[in-house]
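Listed here are the chains, written in short residue letters.
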Amino acid sequence: MKKFALTVGVLLLAVSMVAVAQNVDDSFSSMRNWEVGDGDWVVRGGRLVQQDADSVLARIDRRVRQSGEYELEFTIRYVDGGYKSMEDFENGIYHAGFGIHLGVENPALGRASWGAGESYLLWLNLDTRPATRRNSPEHYGFRAQVYESTSNTAMTLARDSAIRRDPAISRVTVDDYVSIDILGALRAWGVDLSIDDLGRYLNEEVPVNIRVNTRTGRIGVLDPTAPVRFYFNVDPSVLAGNYVSLRTNSLAASYNYFTVD
């Protein structure tokens, strides 16, 4: 009986170790556990700050074991960037983004890279440049996007053929790209926001909350502007990684905390 109980105990411990992600609670008293890939990352005043508004590939990596179901959360606050000149700013021509790679395997530790090993990049992108509207409408506006990274040099905007068959989603996407027009989606929920309204969030802590199921590939992202969670599915085999990576494009930003439960 004692041997049986011990065996059951060992099995339960083993299951618990593989069933959930590593718990993380970073309050940024130091850069411990984080490794800079590109950009100008520092810890200042209890915040993790990426202070180079010109960097287009800013990235910082943290080792986090990801398996089972977990919830990841952080806050981000605007510091600088998002436009090339005051003329662009006055004309409402913006381009900036930030996001997080999940399920990263084999990142380019200590080096700049386009992708981040094998992973998915969840990305919030603001792009109001006229050239984008003409040539790449799947990127135009304020969009929630998913990129699939297959290596440190290969990453593309994900596509899903089911999007065209969904009348609700197809109204806020272009072709079958996983690139959701957030403002359009919110209007369908009765929330009326415009690009100009986003300015009210520049000096606020914007919470980002993501629920991940690495067994099913189900991901739910809470919209930072409204109590709406957007769900989508990805390949679950990619989600069970050992790193996560924060990144920004043409944006200086700071983070107040970072947790994984």
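Scroll up to find the structure.
Residues numbered from 1 in each chain as written. Predicted model: local features only at pLDDT ≥ 70, side-chain atom pairs only at ≥ 80, totals over all residues. Heavy atoms only, no water.

S.K.: Can you explain the side chain of Thr214? Please cite residues and give values.
M.R.: Relative to the helices and strands, Thr214 resides in the loop between strand S12 (206–213) and strand S13 (218–222). You can call Thr214 buried: its relative accessible area is 9%. At 2.6 Å, the side chain of Thr214 forms a polar contact with the backbone nitrogen of Gly68. Aside from chain neighbours lying at most four places away, what touches Thr214 is Gln66, Ser67, Gly68, Tyr70, Pro236 and Leu239. (Helix = DSSP H or I, 4+ residues; strand = E, 2+ residues; numbered from the N terminus. Buried < 20%, exposed > 50% of the residue type's maximum accessible area, 1.4 Å probe, protein only. Polar contact = N/O pair within 3.5 Å; in protein donor to acceptor, adjacent residues only side chain to side chain. Contact = heavy atoms within 4.5 Å.)

S.K.: Account for the packing of aromatic side chains, with residues named and values stated.
M.R.: Going through the model one piece at a time under the given rule, you end up with seven aromatic pairs. When the centroid spacing of 5.2 Å and the interplanar angle of 85° are considered together, the rings of Trp34 and Phe258 count as edge-to-face. Of this pair, Trp34 sits in strand S2 (residues 34–38) while Phe258 sits in strand S16 (residues 251–260); the two residues are 224 residues apart in sequence, bridging distant segments of the chain. For the pair formed by Trp34 and Phe258, the shared burial category is buried. Judged by centre distance (6.1 Å) and plane angle (20°), the ring pair of Phe74 and Phe258 falls under stacked. With Phe74 in strand S6 (residues 69–81) and Phe258 in strand S16, the pair connects residues that are 184 residues apart, well separated along the chain. As far as the burial class goes, Phe74 and Phe258 line up, both buried. Through a chain of ring-to-ring contacts, three or more aromatic side chains come together here, namely Phe28, Trp34, Trp41, Phe74, Tyr255 and Phe258. (Phe/Tyr/Trp six-rings, centres within 6.5 Å; stacked < 30°, edge-to-face > 60°.)

S.K.: How would you explain the pairing of strand S4 (residues 47–50) if you had to name every residue and give the values?
M.R.: Of the two faces of S4, the one holding Arg47 and Val49 and the one holding Leu48 and Gln50 are both buried throughout. Taken together, the four bridges between strand S3 (residues 41–44) and S4 define a ladder with antiparallel strand orientation. Of the residues in S4, the one forming a bridge with Arg44 is Arg47. In sequence, S3 turns back onto S4 through a hairpin of two residues, with Gly45 there showing a positive phi of about 60°. Of the pairings in the sheet, the one linking S4 to S16 comprises three bridges and is antiparallel in character. Within S16, the residue paired with Gln50 across the bridge is Ala253. (Pairing = 2+ DSSP bridges.)

S.K.: Which residues make up the environment of Pro224, and what are the values?
M.R.: Inspection of the secondary structure puts Pro224 in the loop between S13 and strand S14 (229–233). In this structure, Pro224 is in contact with Leu124, Val206 and Pro207, ignoring residues within four places of it in sequence.

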